[in-house]
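Here are the chains, one letter per residue:
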Amino acid sequence: MGTPIRIGTLGAAGITPAALMEPAKENADVIVTAIAARDRLRAQRFADHHEIESVYDHYDDVIADDSLDVIYNPLPISHHLEYTVKALRAGKHVLCEKSFALNAREAEEMHEVAQETGLVLIEAFHYRYHPIFHRALEIVESGALGKLEHIDARFVVGTPNAENIRMHYETGGGATMDMGCYPISWLRHITKSEPKVVSAEAKIGNPDVDLRLEIDYELEDGLTARTVGSMCDSGFAADMEVRGSNGRMLVVNPLVPQHGNKIELTVGTESSEEEFTRRPTYAFQLDAFVDAVHNGTQLPTDSADAVRQMRVIDSAYLAAGMKTR
């Protein structure tokens, strides 16, 4: 494709090596060339380890670097709006970590700027680009399950310590913003529709921070659903069960299928099981992002989709008697 896309990353977040650095190493069309962090020394150490050529003192300096094409924004959710908009205004495409924004109003502002500038802006729901989810969509669209009746989806993990960024309202904390957003997105994308939140029940940790949120939904044609996002359960679970009049599909670990995955399918009396590539979800996502930058390909987790996603999250918090972020 010619000259590689040059990416600058904001901060040295824990997700960055897996979400950006490792995929970039196997993608000849991408090079990560700049970084800034709140702690200059931390940024320098990250740069030395990952062979990033430019280290800046401030996020704004990365955004102002005219040699860059793309900004990766893995900052706290409370910082997504400010720095994503700054990057777009500076002529940079943006790969923004989820959750996309604190609330739908912020997401709408980010989307509007992306539309004005004509630049690529996506929410980093990496699962959506992996073959396991493509196959799950294919099964549903084939009609093999019959009329869809109920969907259960969950992402649960153990409790972070009290100082973890997920535990603070001001930075966009909460299980739904970090974990529960995934099953909400799975539900929206597997049905290709926007669920109506009927009720929600939260377990609260720090003030206004959900440790767990269960959400019940209604969709078209009598379809119901429930999602669970939790950071207070023991162990790890990430799966989605889709039940229809003719059968059942269980999608195991669409979140990080690189660590093991499968789809179990039962239609009538016939059962089958499929496993899929363990090439990381993040690698597929970066491939798709590069294609969008080069060719203008529309991606399923673009900023318009992110607005719809945040509207569901806002509704869930309100249904649980909580404040939106």
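Above this note sits the structure.
Residues numbered from 1 in each chain as written. Predicted model: local features only at pLDDT ≥ 70, side-chain atom pairs only at ≥ 80, totals over all residues. Heavy atoms only, no water.

Undergrad: An account of the overall build of the protein is requested, with residue identities and associated values reported.
TA: A count of helices and strands for the protein gives 9 helices and 14 strands. Radius of gyration (C-alpha) of the protein: 20 Å, near the 20 Å computed for a compact globule of 325 residues. In terms of overall dimensions, the protein has a C-alpha envelope of 60 × 45 × 40 Å along the principal axes. In the protein, which comprises 325 residues, the share counted as buried stands at 57%. Considering only intrachain contacts with a sequence separation of at least 6, the fraction spanning at least 24 residues in the protein is 66%. With the model as given, the accessible surface of the protein reaches about 13500 Å², and the carbon-plus-sulfur share is 46%. Counting 31 positive and 50 negative side-chain charges, the protein places the averaged centre of each group 3 Å from the other. (Helix = DSSP H or I, 4+ residues; strand = E, 2+ residues; numbered from the N terminus. Rg over C-alpha atoms; globule rule 2.2 N^0.38 Å. Buried < 20%, exposed > 50% of the residue type's maximum accessible area, 1.4 Å probe, protein only. Contact = heavy atoms within 4.5 Å. Areas by Shrake-Rupley, 256 points an atom, 1.4 Å probe, with all protein chains shown as cover. Lys, Arg positive; Asp, Glu negative; His and termini not counted. Charge placed at Lys NZ, Arg CZ, Asp CG, Glu CD.)

Undergrad: Lay out the layout of surface pockets with the relevant residues and their values.
TA: For the largest pocket, the calculated volume is near 950 Å³. Lining the largest pocket are 36 residues, with I15, P74, I165, R166 and D178 positioned closest to its centre. Per-element accounting of the lining of the largest pocket gives the leading share, 3 residues, to helix α7 (residues 175-191). Residue classes in the lining of the largest pocket are distributed as 19 nonpolar, 10 polar and 7 charged. (1 Å grid on protein atoms, 1.4 Å probe; cavity = no way out; pocket = protein on both sides within 12 Å on 5 of 7 lines; lining within 4 Å. Points joined across faces, edges and corners; volume = space filled by probe spheres on them. Nonpolar A, V, L, I, M, F, W, Y, C, P; charged D, E, K, R; others polar.)

Undergrad: Please set out the side chain of E241 residue by residue, giving values where relevant.
TA: Position of E241 relative to the elements: it lies in strand β11 (residues 237-244). A distance of 2.9 Å separates a polar atom in the side chain of E241 from a polar atom in the side chain of R243. (Polar contact = N/O pair within 3.5 Å; in protein donor to acceptor, adjacent residues only side chain to side chain.)

Undergrad: Residues and numbers for the pairing of strand β14 (residues 270-274), please.
TA: In this sheet, β14 lies alongside strand β13 (residues 262-267) in antiparallel orientation, the contact comprising 5 bridges. When the sheet's bridge partners are listed, V267 is paired in β14 with E270. Counting the residues between successive antiparallel strands, the hairpin from β13 to β14 contains 2 residues, one of them, G268, with a positive phi of roughly 65°. (Pairing = 2+ DSSP bridges.)

Undergrad: Describe the nonpolar core, naming the residues involved and giving the relevant values.
TA: In this structure, W186, I190, Y217, M240 and M249 are the most contacted members of the largest nonpolar core, which totals 81 residues. Apart from the residues within four sequence positions on either side, I190 is in contact with F133, A136, L137, V140, I151, M240 and M249. Listed in part, the 32 residues of the second largest apolar core include A47, I52, A124 and Y282. (Core = buried A, V, L, I, M, F, W, Y, C linked by side-chain atoms within 4.5 Å.)

Undergrad: For the pairing of strand β9 (residues 210-218), give the residues involved together with the corresponding values.
TA: As judged from the 8 bridges shared by strand β8 (residues 196-204) and β9, these two strands associate in the antiparallel manner. Bridging from a neighbouring strand, K196 pairs with E218 of β9. Taking the residues between adjacent antiparallel strands as the criterion, β8 and β9 are bridged by 5 residues, where D208 takes a positive phi near 65°. With 7 bridges connecting them, β9 and strand β10 (residues 224-230) associate as antiparallel partners. Each residue of the ladder has a partner; that of L213, found in β10, is G229. Linkage of β9 to β10, two consecutive antiparallel strands, is achieved through a turn of 5 residues, within which D221 is found at a positive phi near 60°.

Undergrad: Help me get a handle on the packing of aromatic side chains, residues and values and all.
TA: Within this structure, the stated rule accounts for 7 aromatic pairs. Aromatic side chains Y127 and W186 sit 6.3 Å apart centroid to centroid with 80° between the ring planes, which places their arrangement in the edge-to-face category. Here Y127 is found in the loop between β6 (121-123) and α6 (131-142), whereas its partner W186 is found in helix α7, with 59 residues between them in sequence. A ring pair is formed by F155 and F236, whose centres lie 5.8 Å apart and whose planes are at 70°; its orientation type is edge-to-face. Of this pair, F155 sits in strand β7 (residues 148-156) while F236 sits in the loop between β10 and β11; the two residues are 81 residues apart in sequence, bridging distant segments of the chain. (Phe/Tyr/Trp six-rings, centres within 6.5 Å; stacked < 30°, edge-to-face > 60°.)

Undergrad: Kindly report on the sheet that holds β9, identifying the contributing residues and their values.
TA: The sheet built from 8 strands is open, its strands ordered β8-β9-β10-β7-β11-β12-β13-β14 with mixed pairing. Since the sheet does not close on itself, it has two edges, and those belong to β8 and β14, each with one partner. Each adjacent strand pair in this sheet contributes to an overall mean axis angle of 10°, direction not counted. Two strands pair when backbone bridges link them, and strand β12 (residues 247-252) and β13 are joined in this way by 6 bridges, in the antiparallel orientation. In the strand pairing of β13, M249 is matched with L265. Packed onto the sheet, helix α9 (residues 303-319) meets β8 and β9 and runs at close to 60° relative to β8. (Axes fitted to C-alpha atoms, helices over the stretch in contact; angles between N-to-C directions.)

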